[in-house]
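Report on the structure
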Amino acid sequence: MDISDLKAKHPEHWMKAAAIRTLALDAVAAANSGHTGMPVGMADIATVLFQNHLKFDASDPDWPDRDRFILSNGHGSMLLYSLLYLTGYEDMTLQQIKDFRQWGSITAGHPEYGHAKGIETTTGPLGQGLANAVGFAIAEEVLRARYGKKIVDHHTYVFAGDGCLMEGVSHEAIGLAGMQKLEKLIVFWDNNNITIDGKVGLADITDQTKRFNAAGWSTHECDGHDPDDIERAIAEAKATHKPAMIACRTHIAWGTAAQDTAKGHGAVTDPTVIAEAKKLYGWDHPAFTIPADIKAAWEEIGLRGTAARVAWGERFENLSDSRQDQFRRELAGEAPKKLSAAIKRFKKEISESAPKMATRSASEKALGVINPIMPETVGGSADLTGSNNTKTADMGVFEPDNRKGRYIHFGIREHGMAAALNGMALHGGVKPYGGTFMCFTDYARAAMRLSALMGVAPVYVYTHDSIGLGEDGPTHQPVEHLAMLRATPNMNVFRPADAVETAEAWELALSSTKTPSVLSLTRQGIPTVRTEHKTKNLTAQGAYVLAEAEGKRQAILIATGSEVSVALKAREMLQAEGIGTRVVSMPCWELFEAQDEKVRRRVLPGGPVRVAIEAGVRQGWDRWLMGERGREAKAGFIGMDSFGASAPAETLFEKFGITAEAAASKVKELLPKG
C-alpha cells in the first residue's frame, strides 16, 4: 500500500501514525543524532498494535497483568518514546521528546530500563530484546500456572529488525521459545531489507520465515503499512498455540528521500528532506506539535485498558490475604523472612559436620533448603545440570506439559539463557538463576553486562571456577574471568571458600533486587574452613578475618574460594616459625568495597606484609595489596599469569605454584631482613 492509498482509505489511522513519524523526524533532527528510519517504517504496525491489541493502562504503567511491549531494535527508540508520550505516560513529557539523547533526559539514544515507565528492558545491543522476551514469556507461563488465568494472562510483543535476527543470540532464543511453545510471545519482524551497510543480501540470504518454522514457530506475513492486513496477521498469530513471528514488509524511512536506502537507517536531519516528507504526510504543523484531536485520540488508546485493569484489581482482591501478600512480595523481588533462619540452620549443620565438598555441591545442598521455601525460584542450566548442581528434587521440569515446573533445560545456549534470565527478572514474580561453566561467561557476557546496567538481579551459578577443574584443560579453565566480572559495575562476584560461605552467598544473591550475582564455584572438593558457627552472615561484609595472628602480626594472607584453605595451611607454617599471620577470606570484593573505611581498616590494617592467593590473574588485586594502607614493597601475589593445562587438579596447583609452601615463602621473602 502506498502513502496516498493509505491516507485515503484510513485517514484516522494515517494521522495517528503520522504523529509518531513526525515526532521521530523532529527529535532526531533536533538532536542531530539518532535513527529515523525504523520509527517511520514501523509506525503503522505500532498504531494497530497499541490501538487494537496491547493490554495496558498508561495511568498505571506497572499493572502486573499488562502486556509487555519490547523494542528489540532499540536504535529506533523514538518509536517507543513517541508512543509513551502520545498515549499519556505521565513521565514522558513533550520536553523529554525535545531533549532526545541529551544529558539528564529519560529519552536516551537506546531505551534504558528504569529511565521511564513503559520501557520494559534496555535494548540496543541487537537481539537482546528478542532474547529477553523469551524470559518474559516464560515468567508469564510460570505465574499463570501458579496463580491462574484470572490473575496472570498476558502477551509479550516484540519489534525486531534484521540485525536482531542476524545476531547469534536470536538463534538460541528462537530455538528455546519454539521448543517451549511459548504461545503468548509474538514477534514483529521489520522486513525492510536494509542494514547500515546496504541491502540485507550483502551479508545474509537466510529465509527467516523457514528458519522460524523450523524452530517450531507459527509464521505470518503482512503488508506493514496496511492496517487491515496488520490486523489480520495479529489475529492469526494470537490464535495459534505456538510462539508467532509476523514478517512485516515495510519501507525504511517511508516517505522521505532516504526511503529504502541505507541512509534511511540513521539520522534524517536535512530540513528540506523533513519538510518534503511532512508535506507528503499531509502534516502542516510546527515541529513537535501534535494537534489536540490527534493527541486526544492517542490518549484514549492509552486508557483503553483501564476497565480491564480495574476488573483485574477486583479479581486480585478476591485472593486470600496470604496469596495477595505472596504475589506482591514475589513481584517486588523480596526474599521471604524465613530464608534467613533456614540459612542459619544450614550453616550450623555444616560447621558442626565440617564436610569436605566442592562448593558446587554445597550450592546444590543450599538450594535444597532454599527452593522449597521460595516458590518463586526458577532455575536451570545450559545442558550442565549434573555438573552445575542446579536442580533440586522439588522443582519439576518446566515444559509445555508442565508449566508448574521450575527447572528449565536451556540447552547449549549460554547467551540465550542469560538473556532469558534478564527477561524473567524484568517481568517480575520469579527469581531466576542459571548455570554453566565459569569459562563460558565468555558466551553469556553481553547479557550479563545488561543485567548490571539495568539493575536487575538474576543469579549466575558458574562452576568449574579455576585450574582446579583439572583434566579438561585450558579451554575450560578460567583464569581471567574473575577479573573481567569484577571490572563490571554493579555486579557482585562471590567466590565462596566452603559450604558455609556458599550458603551465605546464596542468601545475599536472593535478597538482592538491583544487583546481579555471580557464584563462582569449585569442581573439586575443599575443606570446611568455617568450623565455628556464626549466625551473622560474614560474607555480607565482603571480607573478614577468618584466622587471627598469634603473637605479633607480621603478615596478612588474603584469599578467595579454594585458596582460602591454602592460606590457612600457609599460616600454620608461618606461625610454626614465629611469624604471626592473619588470614582474611574475601568472598566478595564488591561488598567489601562498599564497607565503611573503618571496617576495611580493621580487616586490612597497615603495617604487615600482604600476600593474596587466588587461582586467577593478578589484575585488580593491587587495590587490596598496595591500596588500603598497603605498600608495593610489602605486597605479593600467588596465582596465575598464563593459561592452564590438562592434568589432575593437584598436579596443576603444584606446577603453577599455588601452594601453601609458595605462599609462606612469598611472605618470608617480603618480610624485612634482619
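Residues numbered from 1 in each chain as written. Predicted model: local features only at pLDDT ≥ 70, side-chain atom pairs only at ≥ 80, totals over all residues. Heavy atoms only, no water.

Moving on to the overall build of the protein chain. Tallying secondary structure elements over the protein chain gives 27 helices and 18 strands in all. Relative to its length of 674 residues, the protein chain is compact, with a C-alpha radius of gyration of 28 Å against a globular reference of 26 Å. Going through the 674 residues of the protein chain one by one, you find that 61% of them count as buried. Counting contacts in the protein chain only where the partners sit at least 6 residues apart, residues at least 24 apart contribute 78% of the total. The protein chain carries 76 positive and 83 negative side-chain charges, and their two centres are separated by 6 Å. (Helix = DSSP H or I, 4+ residues; strand = E, 2+ residues; numbered from the N terminus. Rg over C-alpha atoms; globule rule 2.2 N^0.38 Å. Buried < 20%, exposed > 50% of the residue type's maximum accessible area, 1.4 Å probe, protein only. Contact = heavy atoms within 4.5 Å. Lys, Arg positive; Asp, Glu negative; His and termini not counted. Charge placed at Lys NZ, Arg CZ, Asp CG, Glu CD.)

A separate point is the sheet that holds strand β6 (residues 218-223). Strand-to-strand pairing in sheets goes through backbone hydrogen bonds, with the strands running parallel or antiparallel. Strand order in the open sheet made by the five strands is β1-β2-β3-β7-β6, with parallel pairing throughout. The sheet is open, and its two borders are formed by β1 (68-71) and β6, each paired with just one other strand. The average angle at which neighbouring strand axes cross in this sheet is 20 degrees, direction not considered. In the packing of helix α4 (residues 77-87) onto the sheet, the strands contacted are β1 and β2 (156-160), and the crossing angle to β1 comes to about 145 degrees. Set on the sheet, helix α6 (residues 128-147) makes contact with β1, β2 and β3 (185-191); between it and β2 the angle comes to about 170 degrees. (Pairing = 2+ DSSP bridges. Axes fitted to C-alpha atoms, helices over the stretch in contact; angles between N-to-C directions.)

For the rest of this paragraph, the subject is the pattern of salt bridges. Counted under the stated rule, the structure contains 38 salt bridges. We note a salt bridge from E593 to R623, for which the minimum N-O separation is 3.5 Å. One end of the pair, E593, is in helix α23 (residues 589-593); the other, R623, is in helix α25 (residues 622-625), with 30 residues separating them in the sequence. By relative accessible area, E593 is classed as partly exposed at 36%. The partly exposed category is assigned to R623, whose relative accessible area is 35%. (Salt bridge = Lys/Arg side-chain N within 4 Å of Asp/Glu carboxyl O.)

This paragraph deals with the sheet that holds strand β14 (residues 544-547). If you trace the five strands from one edge of the open sheet to the other, you get β14-β16-β15-β17-β18, paired in mixed fashion. With partners counted over all chains shown, the strands left at the sheet margins are β14 and β18 (635-638), one partner each. Averaged over all adjacent pairs, the angle separating strand axes in this sheet is 30 degrees, with direction ignored. Pairing geometry for strand β17 (residues 609-613) and β18, over four bridges, is parallel. Following the sheet pairing, I613 is matched in β18 by I638. This element, helix α27 (residues 660-670), spans β15 (553-559), β17 and β18 of the sheet and lies at about 155 degrees to β17.

Another point: helix α8 (residues 168-180). For α8, built from 13 residues, the straight-helix expectation of 18 Å at 1.5 Å per residue is met to within 8% by its first-to-last C-alpha distance of 19 Å. Within α8, 10 of the 13 residues are buried, leaving the element largely enclosed by the surrounding structure. Taken together, the buried residues of α8 touch α6, α7 (162-166), β3, α9 (208-214), β9 (407-409) and α18 (414-427). Looking one or two residues past α8, K181 carries a phi angle of roughly 50 degrees, positive in sign. (Expected span 1.5 Å × (residues − 1).)

Right, let's get into the packing of aromatic side chains. One pass over the structure, following the stated rule, counts 22 aromatic pairs. Ring centres of F159 and F188 lie 5.3 Å apart, and the angle between their planes is 70 degrees; this geometry places the pair in the edge-to-face category. With F159 in strand β2 and F188 in strand β3, this pair connects stretches of sequence that are 29 residues apart. Each of the two residues, F159 as well as F188, counts as buried. (Phe/Tyr/Trp six-rings, centres within 6.5 Å; stacked < 30°, edge-to-face > 60°.)

With that settled, the discussion passes to the pairing of strand β10 (residues 431-437). Within β10, seven of the seven residues are buried, which leaves it mostly tucked inside the rest of the structure. Summarising the sheet, strand β8 (residues 377-381) and β10 pair through three bridges and their orientation is parallel. Paired with T377 across the two strands is K431, which belongs to β10. Two elements, β10 and strand β11 (residues 459-463), share five bridges in a ladder whose sense is parallel. Among the inter-strand pairings, G435 is bridged to a residue of β11, identified as V461. Note that the unit made of β10, helix α19 (residues 441-454) and β11 has a crossover that is right-handed. (Right-handed = clockwise from strand over helix to strand, strands pointing away.)

This next bit is on the packing of helix α15 (residues 338-353) against helix α21 (residues 499-511). Their axes nearest at 9 Å, the elements α15 and α21 cross at an angle of 170 degrees. By the angle between their directions, the pair α15 and α21 is classed as roughly antiparallel. Contacts between α15 and α21 involve L339, S340, I343, F346, K347, I350 and S351 from the first element and A499, V500, A503, E504, E507, L510 and S511 from the second. Of the residues in the contact of α15 with α21, the class split is eight nonpolar, three polar and three charged. (Parallel < 35°, antiparallel > 145°, perpendicular 65-115°, else oblique. Nonpolar A, V, L, I, M, F, W, Y, C, P; charged D, E, K, R; others polar.)

Let us look at α18. Over its 14 residues, α18 runs 20 Å from end to end, which matches the ideal 20 Å to within 8%, given 1.5 Å per residue. Along α18, 13 of the 14 residues are buried, which leaves the element largely enclosed by surrounding structure. Just downstream of α18 lies G428, where phi reads positive at about 90 degrees.

This part is about the environment of V28. If you trace the backbone, V28 turns up in helix α2 (residues 11-31). For V28, a relative accessible area of 0% gives the class buried. A sequence separation of 34 residues divides V28 from D62, and the C-alpha atoms of the two residues are 28 Å apart.

So, on to unusual backbone geometry. Non-glycine residue A354 carries a positive phi angle of around 45 degrees. As for its position among the elements, A354 is in the loop between α15 and α16 (359-370).

For the rest of this paragraph, the subject is the side chain of E330. Residue position: E330 is located in helix α14 (residues 321-332). One polar contact links E330 to Q326, side chain to side chain, over a distance of 2.8 Å. Apart from the residues lying within four places of it in its own chain, the contact partners of E330 are R146, Y147, P375, E376, G429 and V430. (Polar contact = N/O pair within 3.5 Å; in protein donor to acceptor, adjacent residues only side chain to side chain.)

To continue, consider the pairing of β2. In summary, the side chains of a regular strand alternate between the two faces of the sheet. Within β2, five of the five residues are buried, which leaves the element mostly enclosed by the surrounding structure. Going residue by residue along β2, you find T156, V158 and A160 tucked away on one face and Y157 and F159 tucked away on the opposite face as well. Pairing of β1 with β2, which is carried by four bridges, proceeds in the parallel orientation. Within the sheet, the bridge partner assigned to I70 lies in β2 and is V158. In this sheet, β3 lies alongside β2 in parallel orientation, the contact comprising five bridges. Pairing of Y157 across the sheet is with I186, part of β3.

The description of two helices packed together rests on the angle between their axes and the distance between the axes. Contact geometry for α2 and α4: axes closest at 9 Å, N-to-C directions at 120 degrees. Comparing their axes, α4 and α2 come out oblique. The hand of the α2/α4 crossing is right-handed. For the pair formed by α2 and α4, the contact residues are A19, I20, L23, A24, A27 and V28 on the first element and M78, L79, S82, L83, Y85 and L86 on the second. Taken together, the residues of the contact of α2 with α4 sort by class into 11 nonpolar, one polar and no charged. (Left-handed = near helix turned anticlockwise from the far one by under 90°.)

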